[in-house]
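Here's the letter readout for the chains.
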Amino acid sequence: MDKIDAIVVGGGLAGLSAAYKLAEAGKQVILLERGDAPGSKNVTGGRIYVGPVRKYLPEIMDSAPFERHVVKEMVTVLDDTSALSCEYTNKKWRQGPYMSYTVLRARFDSWFADQAAAKGAFIIPKKKVESLLWEDGKVAGIKSGPEEIGAHVVIAADGALSFMAEQAGMRGPHKPQNLAVAVKEIYQLDEKVIEDRFGLENDEGAAGLYMGSVTQGMFGGGFLYTNRDTLSVGLVLGIHQLASNDHGLDAPSLMESFTGRPEIRRFIKGGELKEYSAHIISEAGIGTMPKLVAGGMLIAGDAAGFALNLGLTVRGMEFAIASGVMAAETAIEALNQNDTSAATLSGYEKRLRESFVLPDMETFRNAREVLDRQRLFTVYPRFICELFDELFTIDDGPKEGLYASAKRVAKKYVLNIDTIKDLLAARKL
Amino acid sequence: MTKKVEEKIALNAIKNDVKSHILLNQSICAGCKERMCIRVCPAHLYSRNEETGEMVVEYAGCLECGTCLIACTYGSIKWDYPSGEYGVQYRYG
């Protein structure tokens, strides 16, 4: 079979980064994307941290069509009828180079694809890769419809579901407890209205996280990001908890309740709903990572399970970009040596270990275990809200001493052995 | 302000194939009591036909997240991406 240098499966950030680097190095590379254009099947919650990846793709990171740089973090803890919000901002976030940006993937990815094409990558949309081709126990290309394309290296960047990794026997079936589903709505509003509502200057953005009764006690939380003239509003829900909940709760109804909360309604008020999307997120961390390397094949981005949810920060896109670049660098080196065996390609893992990707995944190995404690989504939000309720409320009776109130509420919720267990678990984070 | 999920999906750009990319094994579904697919699908595509008792999936509004495939631990769902050119095309993402 005739072979080109490399095939990339999937036009997300991992795949595009890989194709860009391969093309830049003068390698023949075809990227196959099943959507109408790269980005059209991709969804993000909303924010990319550019610090970790600027050095991998400086020209892309510095000119990408991001939405707004984030200068304000808002955290809201909610009970059924009450909420406590806090905001954090720092002057340094208002000065470049910016730490993080809000982003919409249809726009960013299709722009990125144009940059990769300009470097010489062949970006072919509307092509779904059905299966891998094999030769002497090594991956040797792909099959898309009636077409077979041979390649010395296949980079699977086909997203969190990654049928390629499964077909290659590099990972087992997905388990509900290892993944979450994100549901997102896009609301269009005037730029100035967004800036006024969030207290932002030109180009500045805000990011919001919501935890507590928005998931009715299930693992997950809400998010809100300000784009240029739209808001991204959504919920992340553990698939296992959603599947096994006894209250008949489903994602659409939770989303309706979330956007109906006054804490969210005030931001999206008057906005026109433009899109309703959903996507899965790997939440299991390094413990369930697939094999990353096989003969003739590398796995990058979400397909490799590279994502990290630490509650207050949720990351994925940086891992995708960095791993895509490193997959390309590994492939380039192997192609130059005319050897794309598993042994040569294993340099990919070494590169990942020497970067931030695997060390970060390793440091936060237990993040899911710590965050997936039900009390975090039930008892603590209720405690915080009730405590503030007691402190702020003046009613007709005589007021109890503040310390006595706080102690009573704390006793009710957190002065117990379960809290100690949760604190002990938190040491693993 | 409240919208039904069907109305929300109608806002998306979706090109539907004539054949479904989601197939159910009714004999497995018949033995399932939890019907996790109904709860987890963000597009509300799953339902049970009250007359026949069979599970029904409307592939046309699929958001292609794959949550149903992961949630159905009985393995009843055969799910693939729609072929190239079809399915949802996110304009924002």
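Details of the structure are given in the entry above.
Residues numbered from 1 in each chain as written. Chains lettered and ligands numbered in written order. Predicted model: local features only at pLDDT ≥ 70, side-chain atom pairs only at ≥ 80, totals over all residues. Heavy atoms only, no water.

> Could you clarify how one ought to interpret the overall build of chain B in this entry?
Helix and strand counts for chain B come out as four helices and six strands. Ordered by position from the N terminus, the helices and strands of chain B form the series α-β-β-α-α-β-β-α-β-β. Relative to the 2.2 N^0.38 estimate, which gives 12 Å for 93 residues, the radius of gyration of chain B is 14 Å and therefore close to what a compact globule would have. With the principal axes as the frame, chain B shows a C-alpha extent of 40 × 35 × 25 Å. Every one of the 93 residues in chain B was classed for burial, and the buried ones make up 47%. Carbon and sulfur atoms form 51% of the exposed surface of chain B, whose accessible area is close to 4800 Å². Looking at charge distribution, chain B has the averaged site of its 11 positive side-chain charges lying 5 Å from that of its 11 negative ones. (Helix = DSSP H or I, 4+ residues; strand = E, 2+ residues; numbered from the N terminus. Rg over C-alpha atoms; globule rule 2.2 N^0.38 Å. Buried < 20%, exposed > 50% of the residue type's maximum accessible area, 1.4 Å probe, protein only. Areas by Shrake-Rupley, 256 points an atom, 1.4 Å probe, with all protein chains shown as cover. Lys, Arg positive; Asp, Glu negative; His and termini not counted. Charge placed at Lys NZ, Arg CZ, Asp CG, Glu CD.)

> Please explain the overall build of chain A as it appears in this structure.
When you go through chain A residue by residue, the secondary structure sums to 16 helices and 19 strands. What you see for chain A is a C-alpha radius of gyration of 23 Å, in line with the 22 Å of a compact globule of 429 residues. Oriented by its inertia axes, the alpha-carbon framework of chain A measures out at about 85 × 50 × 40 Å. Taken across its 429 residues, chain A has 59% of its residues classed as buried. The long-range share in chain A, meaning contacts at least 24 apart out of those at least 6 apart in sequence, stands at 73%. (Contact = heavy atoms within 4.5 Å.)

> When you look at the nonpolar core in this model, what are you seeing that I'm missing?
Leu22, Phe108, Ile155, Met297, Phe306 and Tyr348 of chain A are the most contacted members of the largest nonpolar core, which totals 82 residues. A per-element tally of this core places helix α9 (residues 317–336) of chain A first, with 13 residues. Those residues in contact with Ile155 of chain A that lie beyond four places of it in its chain are Ile7, Val8, Val9, Ala18, Leu22, Leu298, Ala300, Ala327, Ala328 and Ala331 of chain A. Of all hydrophobic cores here, the second largest spans 65 residues; its members include Leu235 and Ile280 of chain A together with Tyr46 and Cys72 of chain B. (Core = buried A, V, L, I, M, F, W, Y, C linked by side-chain atoms within 4.5 Å.)

> Where do I start with the packing of α9 of chain A against helix α11 (residues 347–354) of chain A in this structure?
All names here are of chain A. For the pair α9 and α11, the least separation of the axes is 9 Å and the interaxial angle reads 140 degrees. Viewed along their axes, α9 and α11 adopt a mutual orientation that is oblique. Viewed along their axes, α9 and α11 form a crossing whose handedness is right-handed. Counted together, Ser323, Met326, Ala327, Glu329, Thr330 and Glu333 of α9 and Gly347, Tyr348, Arg351 and Leu352 of α11 form the full contact between these two elements. (Axes fitted to C-alpha atoms, helices over the stretch in contact; angles between N-to-C directions. Parallel < 35°, antiparallel > 145°, perpendicular 65-115°, else oblique. Left-handed = near helix turned anticlockwise from the far one by under 90°.)

> Explain the pairing of strand β2 (residues 29–32) of chain A to me, please; I cannot follow it from the model alone.
As a general feature of sheets, a regular strand has side chains that alternate between the two faces. Residues and elements named next belong to chain A. Of the two faces of β2, both are covered, the one formed by Val29 and Leu31 as well as the one formed by Ile30 and Leu32. Sheet topology places strand β1 (residues 3–9) next to β2; four bridges connect them, and they run parallel. Residue pairing for β2: Ile7 is matched across the bridge by Ile30. Viewed along the sheet, the connection from β1 through helix α1 (residues 13–24) into β2 turns out right-handed. Where β2 and strand β7 (residues 122–124) come together, three bridges link them in parallel fashion. (Pairing = 2+ DSSP bridges. Right-handed = clockwise from strand over helix to strand, strands pointing away.)

> Even after reading the chapter, I still don't get a nonpolar patch on the surface, so can you show me in this structure?
Residue and element names in this part refer to chain A. There is a patch of nonpolar side chains on the surface, built from Ile417, Ile420 and Leu424 and spanning about 300 Å² of accessible area. Position of Ile417 among the secondary structure elements: in helix α16 (residues 417–426). A relative accessible area of 57% places Ile417 in the exposed class. (Patch = residues over 30% accessible without salt bridge, like charges linked within 9 Å, V, L, I, M, F, W, Y side chains within 5 Å. Salt bridge = Lys/Arg side-chain N within 4 Å of Asp/Glu carboxyl O.)

> Is there a simple way to explain helix α5 (residues 191–198) of chain A in this structure?
Every α-helical turn comprises 3.6 residues, leaving residues that sit three or four positions apart pointing alike. Residue and element names in this part refer to chain A. Regarding α5, the residues found buried are Ile194, Glu195 and Phe198. Down the axis of α5, the buried side of the element spans an arc of 95 degrees, and every buried residue falls inside it. Contacts made by the buried residues of α5 are with β4 (69–78), β12 (204–212), β13 (220–226), β14 (230–238) and α8 (262–268). Where α5 begins, the side chain of Asp190 points an oxygen toward the backbone nitrogen of Lys192, at a separation of 3.0 Å. (Arc of directions from axis to C-beta. Polar contact = N/O pair within 3.5 Å; in protein donor to acceptor, adjacent residues only side chain to side chain.)

> What is the right way to look at the pattern of salt bridges in this model?
Pairing between side chains becomes possible if they bear opposite charge and their charged atoms approach one another. Under the criterion given, the structure shown has 41 salt bridges over all chains. Residue Arg382 of chain A is joined to Asp79 of chain A by a salt bridge in which the shortest nitrogen-to-oxygen separation is 4.0 Å. With Arg382 of chain A in helix α14 (residues 379–392) and Asp79 of chain A in the loop between β4 and β5 (83–89), the pair connects residues that are 303 residues apart, well separated along the chain. The shortest N-O distance in the salt bridge between Lys19 of chain B and Asp17 of chain B comes to 4.0 Å. Judged by relative accessible area, Lys19 of chain B falls into the exposed class, the value being 56%. On the basis of relative accessible area, Asp17 of chain B is assigned to the buried category, the value being 13%. What you see here is one network of salt bridges that share partners, running through Arg373, Arg375, Asp418 and Asp422 of chain A.

> Is there a simple way to explain the packing of aromatic side chains in this structure?
The geometry of an aromatic ring pair is captured by two quantities: the separation of the ring centres and the angle between the planes. Tallied over the entire structure, the rule returns 18 aromatic pairs over all chains. With a centroid separation of 6.0 Å and an interplanar angle of 90 degrees, the aromatic rings of Tyr98 of chain A and Tyr101 of chain A are classed as edge-to-face. Since its relative accessible area comes to 22%, Tyr98 of chain A is described here as partly exposed. An aromatic cluster is present here, built from Tyr20, Phe66, Tyr98, Tyr101, Phe108, Trp111 and Phe112 of chain A joined pairwise through their rings. Its end group placed over the ring of Tyr81 of chain B, Arg34 of chain A keeps NZ or CZ at 3.6 Å from the ring centre. When the ring centre of Phe219 of chain A is taken as reference, the NZ or CZ atom of Arg368 of chain A above it lies at 3.8 Å. (Phe/Tyr/Trp six-rings, centres within 6.5 Å; stacked < 30°, edge-to-face > 60°. Lys NZ or Arg CZ within 6 Å of the ring centre and 35° of its normal.)

> Would you mind showing me how to read the pairing of strand β11 (residues 179–188) of chain A here?
Residues and elements named next belong to chain A. Within β11, nine of the 10 residues are buried, which leaves the element mostly enclosed by the surrounding structure. Here β11 runs beside strand β15 (residues 272–282); their pairing, made up of 10 bridges, is antiparallel. Bridging across to β15, Val183 finds its partner in Ala278. Pairing geometry for β11 and β14, over nine bridges, is antiparallel. Residue pairing for β14: Gln188 is matched across the bridge by Thr230.

Interpretation in functional terms is not warranted from these geometric data alone.
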